[in-house]
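The chain contents come next:
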Amino acid sequence: MIYILDDEAGAQSLHIRGEQHKYLIKVRRHKEGDLLSFRSRENLKMLHSYKIESVEPRGAELSLVASELKEVKSAKELHVGWCIIDANSIEKVLPSLCEIGVSKITFIACERSQKNFKMDFKRFERIQEASMQQCGRSSYMELDSCKSVQEFIKAYPDTKVFDFCETTLQEYNNITTVLIGCEGGFSPKERELFASVQSFRLDTPMVLRSESAALAVASKILL
């Protein structure tokens, strides 16, 4: 863990208890004198360093040593338009997308998305927080929703579409917005919309699941 999220981070002293105490003291085996890094949700850009002053069976006292402005983010921005799939599948790759450096995900209700799938943004935020603390990232991925592929392309005309086609790209650095389909791909009606945008595939003979495609394409663009 690179840092710990605590809403009191930045105060002159911190008292940790409960699950946080169990994890830091009993699992990670931190002791008096150790230095730990914290960020607060209110100001994620600030990194606070604390020293463990004392350890008790149910809590620990920490004192502030230093605070600095330290942003940790990807050098490039990537907005993923992701046609809605089962939330359980999204949750499996959400931490990796966060760690790779995706800046925004817009979930799109495309024609082949099952209507019973609901996006729980609060839960996605909690999953992000666990990932951010592990990788050091100092910002959340922005999460949004969109009613249709047509609406998304209209709002983001620079979109590149990941699809079953013959085109593979030699250069990925200029992609800032990418559209990923759901299971079963795009409908014929949706593909008619792609006349005005560029479609591409990865250089692989394998058929990727939607979540695998999101992870593979984001890695190709950002890493």
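Further up the page is the structure itself.
Attention in this report is confined to the structure presented alongside it. These numbers come from a predicted model, not from an experiment. (Residues numbered from 1 in each chain as written. Predicted model: local features only at pLDDT ≥ 70, side-chain atom pairs only at ≥ 80, totals over all residues. Heavy atoms only, no water.)

A word on the environment of Leu97
With respect to the element layout, Leu97 can be found in helix H2 (residues 87–100). Judged by its relative accessible area of 2%, Leu97 falls in the buried class. Here the alpha-carbon distance between Leu97 and Leu215, two residues 118 residues apart in the chain, equals 6.4 Å. (Helix = DSSP H or I, 4+ residues; strand = E, 2+ residues; numbered from the N terminus. Buried < 20%, exposed > 50% of the residue type's maximum accessible area, 1.4 Å probe, protein only.)

Comments concerning helix H1 (residues 18–27)
The set of residues buried in H1 consists of His21, Leu24 and Ile25. Each buried residue of H1 sits inside an arc of 85° when the element is viewed along its axis, so together they form one side. The outward face of H1, more than 90 degrees from its buried face, is lined by the exposed residues Glu19, Lys26 and Val27. For H1, the elements touching its buried residues are strand S1 (4–5), strand S2 (13–17), strand S3 (35–39), strand S4 (46–55) and strand S5 (59–69). Just beyond H1, the residue with positive phi is Arg29, at close to 60°. (Arc of directions from axis to C-beta. Contact = heavy atoms within 4.5 Å.)

Section: the layout of surface pockets
Of the pockets and cavities examined, the largest pocket occupies roughly 320 Å³. As for the largest pocket, its lining consists of 20 residues, and the residues nearest its centre are Phe162, Asp163, Phe164, Val207 and Leu208. Per-class residue counts for the lining of the largest pocket are 11 nonpolar, 5 polar and 4 charged. (1 Å grid on protein atoms, 1.4 Å probe; cavity = no way out; pocket = protein on both sides within 12 Å on 5 of 7 lines; lining within 4 Å. Points joined across faces, edges and corners; volume = space filled by probe spheres on them. Nonpolar A, V, L, I, M, F, W, Y, C, P; charged D, E, K, R; others polar.)

Points about unusual backbone geometry
Of note in this structure, Arg29 is not a glycine but carries a positive phi near 60°. Residue placement: Arg29 occurs in the loop between H1 and S3. You can call Arg29 exposed: its relative accessible area is 66%.

Considering helix H6 (residues 210–222)
When the terminal C-alpha atoms of H6 are compared, their 18 Å separation across 13 residues agrees well with the 18 Å that a helix rising 1.5 Å per residue should span. Of the positions making up H6, those classed as buried are Ser210, Glu211, Ala213, Ala214, Val217, Ala218, Ile221 and Leu222. One face of H6 carries all of its buried residues, which in axial projection span an arc of 155°. (Expected span 1.5 Å × (residues − 1).)

Interpretation note: all reported values are geometric properties and have no functional meaning in isolation.
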